[in-house]
Amino acid sequence: GPSPTSEWWPGGTFGDYAYEGRFHDPTVGDGDADGIPDDIDLTTGVYVGQPEASFTWPENGESAFYLVANEVKEFAPTQYPGEWLDTDGDAIPDTADQFPDDYYNQNDSDGDGLPDAVEALYPYQLSPANPLDANYSREDGLSYLEAYRYNPNQLLDVSLGVTDTDNDGMTDVQELIYELDPNNPLDALNIAAGDYVLNVEKVKKHLPLLTSVSPSDYYTVTGRDYNQVASHFDWNLSVAEQDWDGDGVSNQDEFLLFKTNLGDASSKPNDSEIVEKILSTQVSATTLINFQSLVGGSTSVGGTDGGGTIGGSGGEGGSGGEGGNPTPGEEVLPPNWSTSIWDCFWDPDYFEVIEVLDVQYTTTTAEMFSWTGIPFTNISFPTIAGHSVGFRITKTVTVETKTLRGRQHYHVKMSDGSIESRVGEIETKVINTDYSYTTDVDVIW
């Protein structure tokens, strides 16, 4: 129970604090005259037996100016309740501080998009005074700024991974950041700003997709000659189906399939590589049309027992006799009238079909766009009610590929220099690029 000397105090609400009634020692008094006995007074910032605490800041009676959230803020002399407290050590008292836990006050001193407080955490990679470091590349291909914007709570020295699901040269995270599709390799070859700079090139340089690169900066960004690309540009074709270096292989196939330089005509796959991809129906329509002569409608891809394999390496099929392959040591004769695919040469004028083994169809679709002011088949479209009028042109090419079994004449040069003509039973693929060709036109606004 209460001490015999205790006295009941009824309690009440004082400022922001509510006190329940209780017994207390009446001898302690009420030093700050706030109506609450000193042995009960729990008000923050109040010292028992002293007046209510307060302070004036700035102390010199003149306004102080601080950079807060990238804006200069004036602090006029003001009396604040409570005791002085500066949690983050920025010389602004907590009661006046908009960001009392942030020494850097949400500033970005160098204007690079990374808050000073974030850059200060990585003194060996970043600096609040260096506006260039936000675009420095990390091991995962992202810039520090891209990684921060993708997940502000993720440590900037932790990789976000290098998975590239569609093998288009951009990581899945990069594609998500730039609002591309991690499962569509062709979006790497779009030119969002119409400046002949591919999406993948801008992503790797950490450039906004819709920001145009000037012709003077074009080589620095792409490594290509601007005038060369401009001269090869075809508004009738998608960028993927175009051939910017004029080597006959589409941009799409150079970049995604053969991994060659689409801006350098000397960097291209050899004929054997092209034929291999044609026969496996992997090439785009542009490449197929430009190199269909390599397969010529009668291309050996296999053989039957006794007939050997025209186009295989010497000695893999049967040897000697009618229809056999060249034996080791034999050389293949390259006469002017023959066509070379692998290591053997045959007479293109003689192939007798015995049986159609298989027929397959492969469809390739390319989209093209034309907007106001951009010529498309010598037409410019007007602007109506503030909207650009244009067309989406969709071209679809269906290629027929037949696998045939038949008899083929071919020629070999023997080790003694003589030439022998033979007949072998082979399997071949015949590719018809003119099987089906359609064009659809949609008006777009």
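What counts, and at which threshold
- Residues numbered from 1 in each chain as written.
- Predicted model: local features only at pLDDT ≥ 70, side-chain atom pairs only at ≥ 80, totals over all residues.
- Heavy atoms only, no water.
- Buried < 20%, exposed > 50% of the residue type's maximum accessible area, 1.4 Å probe, protein only.
- Helix = DSSP H or I, 4+ residues; strand = E, 2+ residues; numbered from the N terminus.
- Polar contact = N/O pair within 3.5 Å; in protein donor to acceptor, adjacent residues only side chain to side chain.
- Phe/Tyr/Trp six-rings, centres within 6.5 Å; stacked < 30°, edge-to-face > 60°.
- Core = buried A, V, L, I, M, F, W, Y, C linked by side-chain atoms within 4.5 Å.
- Contact = heavy atoms within 4.5 Å.
- Lys, Arg positive; Asp, Glu negative; His and termini not counted.
- Salt bridge = Lys/Arg side-chain N within 4 Å of Asp/Glu carboxyl O.
- Patch = residues over 30% accessible without salt bridge, like charges linked within 9 Å, V, L, I, M, F, W, Y side chains within 5 Å.
- Areas by Shrake-Rupley, 256 points an atom, 1.4 Å probe, with all protein chains shown as cover.
- Pairing = 2+ DSSP bridges.
- pLDDT = per-residue confidence, 0-100.

Chemist: Summarise helix 8 (residues 271–279); cite the residues concerned and give the values.
Modeler: Those residues of helix 8 that fall on the buried side of the exposure criterion are Ile-274, Val-275, Lys-277, Ile-278 and Leu-279. Capping of helix 8 at its N-terminal end is provided by Asn-270; its side-chain oxygen lies 3.1 Å from the backbone amide nitrogen of Ser-272. Positioned one or two residues after helix 8, Thr-281 has a phi angle of 50 degrees, which is positive.

Chemist: Residues and numbers for the packing of aromatic side chains, please.
Modeler: As enumerated under the stated definition, the model contains 12 aromatic pairs in all. Look at Trp-57 and Tyr-66: their rings are 6.2 Å apart centre to centre, the planes differ by 35 degrees, and that puts the pair in the tilted class. The class for Trp-57 is buried, based on a relative accessible area of 6%. On the basis of relative accessible area, Tyr-66 is assigned to the partly exposed category, the value being 24%. When the centroid spacing of 5.4 Å and the interplanar angle of 40 degrees are considered together, the rings of Tyr-196 and Tyr-226 count as tilted. Of this pair, Tyr-196 sits in the loop between helix 3 (172–177) and helix 4 (199–204) while Tyr-226 sits in helix 6 (residues 226–232), placing them 30 residues apart in sequence. Tyr-226 gets classed as partly exposed once you look at its relative accessible area, which sits at 26%. Clustering of aromatic rings is evident, with ring pairs tying together Phe-55, Trp-57, Tyr-66, Phe-75, Tyr-80 and Trp-84.

Chemist: Now, about the nonpolar core: what can you tell me, with residues and values included?
Modeler: Counting residues in each nonpolar core, the largest one holds 22 residues, and the members touching the most others are Ile-191, Tyr-196, Leu-198 and Trp-244. The set of elements that each furnish at least two residues to this core consists of helix 4 and helix 5 (215–222). Excluding residues within four positions of it along the chain, Tyr-196 makes contact with Ile-191, Glu-201, Tyr-218, Arg-224, Tyr-226, Val-229, Ala-230, Phe-233 and Trp-244. The next biggest cluster of nonpolar side chains, apart from the first, holds 15 residues, and it includes Phe-258, Ile-278, Ala-285 and Val-295.

Chemist: Please set out unusual backbone geometry residue by residue, giving values where relevant.
Modeler: At the junction of Trp-57 and Pro-58, the peptide bond is cis and its omega measures out at -5 degrees in the coordinates. Summarising the element assignment, Pro-58 is placed in the loop between strand 3 (54–57) and strand 4 (64–68). At Lys-259, a position not held by glycine, the phi torsion is positive, near 60 degrees. By secondary structure assignment, the location of Lys-259 is in the loop between helix 7 (251–258) and helix 8.

Chemist: Which residues make up the side chain of Asp-247, and what values do they have?
Modeler: Mapped onto the secondary structure, Asp-247 falls in the loop between helix 6 and helix 7. Buried charged residue Asp-247 carries no salt bridge. Nearest counter-charge: Lys-268, at 5.8 Å. Once residues within four sequence positions are removed from consideration, Asp-247 is found in contact with Glu-254, Asp-264, Ala-265, Ser-267, Lys-268 and Phe-291.

Chemist: Can you break down a nonpolar patch on the surface residue by residue, with the values?
Modeler: A grouping of Val-353, Val-356, Val-359 and Tyr-361 is seen on the molecular surface, where their side chains present a nonpolar patch of about 330 Å² in accessible area. Within the fold, Tyr-361 resides in strand 9 (residues 345–370). In this structure Tyr-361 comes out as partly exposed when scored by relative accessible area, which is 43%.

Chemist: Lay out the pairing of strand 4 with the relevant residues and their values.
Modeler: Relative to strand 5 (residues 71–75), strand 4 runs antiparallel, the two being bridged by 5 bridges. When the bridges of strand 5 are listed, Leu-67 appears paired with Val-72. Connecting strand 4 to the next strand, strand 5, in antiparallel fashion are 2 residues, including Ala-69 with a positive phi near 50 degrees.

Chemist: Break down the pattern of salt bridges for me, citing the residues and quoting the values.
Modeler: For the structure on display, the rule yields 3 salt bridges. Note that Arg-138 and Asp-140 form a salt bridge whose closest N and O atoms lie 2.5 Å from each other. Per residue, the accessibility class of Arg-138 equals that of Asp-140, and both read buried.

Chemist: Mind laying out the confidence of the model for the protein chain, listing which residues take part and the relevant values?
Modeler: Per-residue confidence for the protein chain gives a mean pLDDT of 76, with 71% of residues at or over 70. Segment residues 43–51: pLDDT under 50, and 16 contacts once partners within four positions in sequence are set aside and those in other chains are kept. Scored below 50 in pLDDT, residues 369–389 makes 43 contacts in the model with residues more than four places away or belonging to other chains.

Chemist: Tell me about the side chain of Thr-260, residues and numbers included.
Modeler: Tracing the backbone through its elements, the reader meets Thr-260 in the loop between helix 7 and helix 8. There is a polar contact of 2.6 Å between the side chain of Thr-260 and the side chain of Glu-254. Once you skip the residues sitting within four places of it in the chain, Thr-260 turns out to touch Glu-254, Phe-255, Ser-267, Lys-268 and Pro-269.

Chemist: Account for the environment of Asp-168, with residues named and values stated.
Modeler: Here Asp-168 shows up in the loop between helix 2 (144–150) and helix 3. Overall, Asp-168 belongs to the buried group, its relative accessible area being 0%. Residues Asp-168 and Asn-184 lie 16 residues apart in sequence; the distance between their C-alpha atoms is 8.1 Å. With sequence-adjacent residues up to four places away left out, Asp-168 is seen in contact with Glu-175, Asn-184, Pro-185, Asp-187, Ala-188, Val-200, Phe-255 and Leu-256. A polar contact of 3.1 Å, which involves the side chain of Asp-168, links it to the backbone nitrogen of Met-170.

Chemist: Tell me about helix 7, and name the residues and values.
Modeler: Helical periodicity: at 3.6 residues per turn, an α-helix aligns residues three or four positions apart in one direction. Among the 8 residues that make up helix 7, 6 are buried, leaving the element largely enclosed by the rest of the structure. For helix 7, the full list of buried residues reads Asn-251, Gln-252, Asp-253, Glu-254, Leu-256 and Phe-258. Lining the buried residues of helix 7 we find helix 8 and helix 9 (285–291). Of the residues trailing helix 7, Lys-259 is marked for its positive phi of about 60 degrees.

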